[in-house]
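# Structural features, examined
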Amino acid sequence: MAAQDTSPAPEEVAAPTMAPHGTDYAAIAMRRERRNNLALVSPALLILVVGASGPLVVMLIYSFLAAGDYGGVVWEFSTQGWFQVFLQRDMFDDTIGFADAHLSIFWRSLSLAFITTVLCVIFGFPTAYFIATRPPEQRSLWLFLVTIPFWTNLLIRTYAIMEVIRNEGLVNTALMKAGLISQPIQMLYTDFAIMLGMTYVYLPLMVLPLYASMEKLDFRLVEASYDLYASRMNTLRRIILPLVKPGLIAGSILVFVPCLGAYVTPRVLGGGKRLMLGNLIELQFGQGRNWPLGAALSITLLLIVMVALLIYVRNASRQGGAHG
Amino acid sequence: MAEARRIRPFAVRHLPGFPTMALICFVCLYAPIITLVMFSFNESMSMSQWGGFSWRWYVAAWENERVQQASLLSLIVATCASLIATTVATAAALGTTRTRRYRGLTGIYVLINQPLMVPEIVTGVALLIVFAMVKVWTGYTGIGYLILAHTAFCIPFAYLPIRARLESMDATLEAAAADLYATPWMAFRRVTLPLLWPGILAGGMLAFVISLDDVVITEFVKSGGQDTLPTYMLSQIRRIVTPEMNAISTVFLAISIALVTIFFLLSRGKKQ
């Protein structure tokens, strides 16, 4: 009984050391550190809020305003911008129908982004696997070779593709000289050109995360699979693919997201007729003179991208660490 | 030969067709760029017929007044933006690493990385809206808008290498400096900063390249007559193109590749 009384609970021991009126140096140090940290971070945050995040909020407000006659907005509440994203009012009988033009551009953007992602997997997977199975001292050189095009100007790479596939370009000239075709194939200014260009431009974004997860691949598992008489195809499908799935998902999203918001590639290779979402948005601020619709379309694009990135983040955190 | 083939051990890592596919991939990655560079030295106007070596298009580009102006503006904007971005990113990295987790830290990360997540076209349009308003209020139409926009999207690119460097740094060295009666400023200037320097250089270089390369945001933010080299090229691409464009591109490529190579060497030094 006595022993129980003299041994206080742990909480009671802690209590007297916290001097209620004295100075708590630890707390002061912590506050000072916090103040220092905020002072250090604030210039960057200020620039980011003024030059990146704040404008997004203003754009959200703009999407709920009425369009001005010559561009800009009239400061009165209107849901016209959002209404026009998917719907349109018939010019003659006021019936409401789907905005086919916009829907087809949404559809083109989504399908082109999807096909590009698939193409990037088809080309990127063997490439990443190839790099991951090189001797370690060679790997960084191969990786560097993949990264170099990625850091060079996107416009220049798009222009390079344009020069190769145009009617007077290298591919058509070579095919005509070989006698395979008598007239140049029109490749430029088609959906094919956009797809080819985007695959070319965004391929490194697929290879890098794929490589990151293949590098960690335990080849003893692959060996075990062969020991158990699995064919190469079965090993690829049942062992390697499941193990590198996080990298595959990460790469797919990293390719899909910029494809969806692509602006330069469809403008240059699509020739202004084959629009994607980015070009539709630009149109509203140029000839379309419908800023609220442009703002609403931008936010729609942003939302789709955010959903994709959310999947990416959850995928990465489930695997216990970010990839790529 | 057949004998040797039979006794070769089973290649566990090999998948049939993959190396071929990979090599095709590498060829496809570089072939268009190499073609572009090659035809910049072409004597004739053609983009498919080789007419002999010449510097003609480089001379033409060099003497083109609009190219001169655009290059100058590109350099000014990229220099200002990368300097400011690197400075504030260094401060931000010091304020977010090697510290106790504090409230709002996640929010700060989100803000800093936000330009990486939002599609460029969306940022471009949003900036167009805001700057159009500001232009009406203040009447200012200078290059300040371009520098501000570029600085903002350069910050994450400068921040990430600096932060990586900071996290791998030995904190006891600064503690030692403090033990030896260095003031916090002295410890920072004589210990932290020299150790951090490769990271800062790498971040600045990356920011410079990113700013130099930007097309989309610049296209929306620029006022009339303010063309950077990429937006000038974008406006010219739609017309009949001459190899002059290839010459500009080649110089541009050379600069980017040189900077990126230095960046890689700098960030590789970190691991050793």
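Residues numbered from 1 in each chain as written. Chains lettered and ligands numbered in written order. Predicted model: local features only at pLDDT ≥ 70, side-chain atom pairs only at ≥ 80, totals over all residues.

In the annotation of an unreviewed UniProt entry, the entry for chain B reads Spermidine/putrescine transport system permease protein PotC, and the organism field reads Lutibaculum baratangense AMV1. Heading Function (unreviewed entry) of the UniProt record for chain B holds this comment: "Required for the activity of the bacterial periplasmic transport system of putrescine and spermidine." Per UniProt, chain B carries the Sequence similarities (unreviewed entry) text "Belongs to the binding-protein-dependent transport system permease family. CysTW subfamily." (UniProt positions renumbered as here; feature names shortened; annotations may be inferred.)

An unreviewed UniProt entry annotates chain A as Spermidine Putrescine ABC transporter permease component PotB originating from Lutibaculum baratangense AMV1. Its UniProt record gives chain A a comment under Sequence similarities (unreviewed entry), which states: "Belongs to the binding-protein-dependent transport system permease family. CysTW subfamily." What UniProt states about chain A under its Subcellular location (unreviewed entry) heading is, verbatim, "Cell membrane".

On to the overall build of chain A, then. What chain A contains, in helices and strands, is 14 helices and four strands. For a compact globule of 324 residues, the expected C-alpha radius of gyration is about 20 Å, and chain A comes in at 28 Å, more than 25% above that figure. Here the C-alpha coordinates of chain A stretch approximately 105 × 70 × 40 Å along the principal axes. Split into buried and exposed, the 324 residues of chain A put 42% on the buried side. Within chain A, residue pairs in contact and separated by at least 24 positions form 68% of the contacts whose partners lie at least 6 positions apart. (Helix = DSSP H or I, 4+ residues; strand = E, 2+ residues; numbered from the N terminus. Rg over C-alpha atoms; globule rule 2.2 N^0.38 Å. Buried ≥ 20, exposed ≤ 12 C-beta atoms within 10 Å, placed from the backbone. Contact = placed C-beta atoms within 7 Å.)

So, on to the overall build of chain B. A tally of helices and strands in chain B yields 12 helices and zero strands. Counting from the amino terminus, chain B carries its helices and strands in the arrangement α-α-α-α-α-α-α-α-α-α-α-α. Against the compact-globule benchmark of 19 Å for 272 residues, chain B has a radius of gyration of 24 Å, which places it well outside the compact range. Taking the principal axes of its C-alpha atoms as reference, chain B extends roughly 80 × 70 × 30 Å. Within chain B, the fraction of its 272 residues that count as buried is 42%.

If you check UniProt for "transmembrane region" (unreviewed entry), the listed places come out as residues 38-65, 105-129, 141-162, 192-212, 239-264 and 293-313 of chain A in our numbering. As annotated, residues 293-313 of chain A comprises 100% helix and 0% strand, and the C-alpha atoms at either end are separated by 30 Å.

Further remarks concern the interface of chain A and chain B. In this complex, chain A contributes 68 residues to the contact, which on the side of chain B involves 68 residues. Looking at the side of chain A that touches chain B, the element that brings in the most residues is helix α3 (residues 25-62) of chain A, giving 19 residues. Of the residues assigned to the side of chain A that touches chain B, the class counts are 47 nonpolar, 14 polar and seven charged. (Nonpolar A, V, L, I, M, F, W, Y, C, P; charged D, E, K, R; others polar.)

Among the nonpolar cores identified, the biggest contains 161 residues, and Ala44(A), Tyr211(A), Ala89(B), Val125(B), Ile155(B) and Ala158(B) are the most heavily contacted of them. Tallying contributions element by element places helix α9 (residues 191-215) of chain A first for this core, with 17 residues. Here this core spans two domains, since at least three of its residues come from each of domain 1 (20-54) and domain 2 (65-269) of chain B. Setting aside residues up to four positions removed in sequence, Tyr211(A) forms contacts with Ala128(A), Ile131(A), Ala132(A) and Leu143(A). (Core = buried A, V, L, I, M, F, W, Y, C linked by C-beta atoms within 7 Å. Domains from an automatic or database assignment.)

A few words now on the UniProt feature "transmembrane region" (unreviewed entry) in chain B. Residues and elements named next belong to chain B. Feature annotation in UniProt assigns "transmembrane region" (unreviewed entry) to the following positions: residues 21-41, 72-95, 116-137, 143-162, 195-212 and 247-266. For residues 72-95, the end-to-end C-alpha separation is 35 Å, with 100% helix and 0% strand making up the annotated structure. As annotated, residues 116-137 has a helix share of 91% and a strand share of 0%, and its two end C-alpha atoms lie 30 Å apart.

Quick look at the UniProt feature "domain: ABC transmembrane type-1" (unreviewed entry) in chain A now. Using the residue numbers shown here, the UniProt feature "domain: ABC transmembrane type-1" (unreviewed entry) corresponds to residues 106-312 of chain A. Within residues 106-312 of chain A, the helical portion is 79% and the strand portion 0%, while the C-alpha atoms at the span's ends are 22 Å from each other.

So, about the environment of Tyr189(A). Residue and element names in this part refer to chain A. Looking at the secondary structure, you find Tyr189 in the loop between α8 (170-177) and α9. Considered as a pair, Tyr189 and Thr95 are 94 residues apart in the sequence and their alpha carbons are 35 Å apart. Not counting chain neighbours up to four residues away, the residues in contact with Tyr189 comprise Gly270, Gly271, Lys273 and Arg274.

Here we take up helix α2 (residues 18-39) of chain B. Compared with an ideal rise of 1.5 Å per residue, which puts 22 residues at 32 Å, α2(B) spans 32 Å between its outermost C-alpha atoms and is within 8% of the ideal. Along α2(B), the residues classified as buried are Ala22(B), Cys25(B), Leu29(B), Pro32(B), Ile33(B), Leu36(B) and Phe39(B). (Expected span 1.5 Å × (residues − 1).)

Its location among the elements puts Ser298(A) in helix α14 (residues 291-318). On the neighbour-count criterion, Ser298(A) (31 C-beta atoms within 10 Å) is buried. Distance in space between the C-alpha atoms of Ser298(A) and Leu60(A) is 9.1 Å, their sequence separation being 238 residues. Other than its neighbours up to four places away in sequence, Ser298(A) contacts Met59(A), Ile281(A), Val122(B) and Val125(B).

Moving on, we come to the domain arrangement of chain B. All names here are of chain B. Each domain of chain B was delimited in the assignment, giving domain 1 (20-54) and domain 2 (65-269). For domain 1 and domain 2, the distance between their C-alpha centres works out to 31 Å. In terms of residue class, the side of domain 1 that touches domain 2 is made up of five nonpolar, two polar and no charged.

Below, the discussion takes up unusual backbone geometry. Residue and element names in this part refer to chain A. Although it is not a glycine, Tyr229 adopts a positive phi angle of roughly 65 degrees. Inspection of the secondary structure assignment puts Tyr229 in the loop between α10 (219-227) and α11 (232-260). Not every positive phi belongs to a glycine, and Arg289 is a case in point at roughly 50 degrees. With respect to the element layout, Arg289 can be found in the loop between α13 (277-285) and α14.

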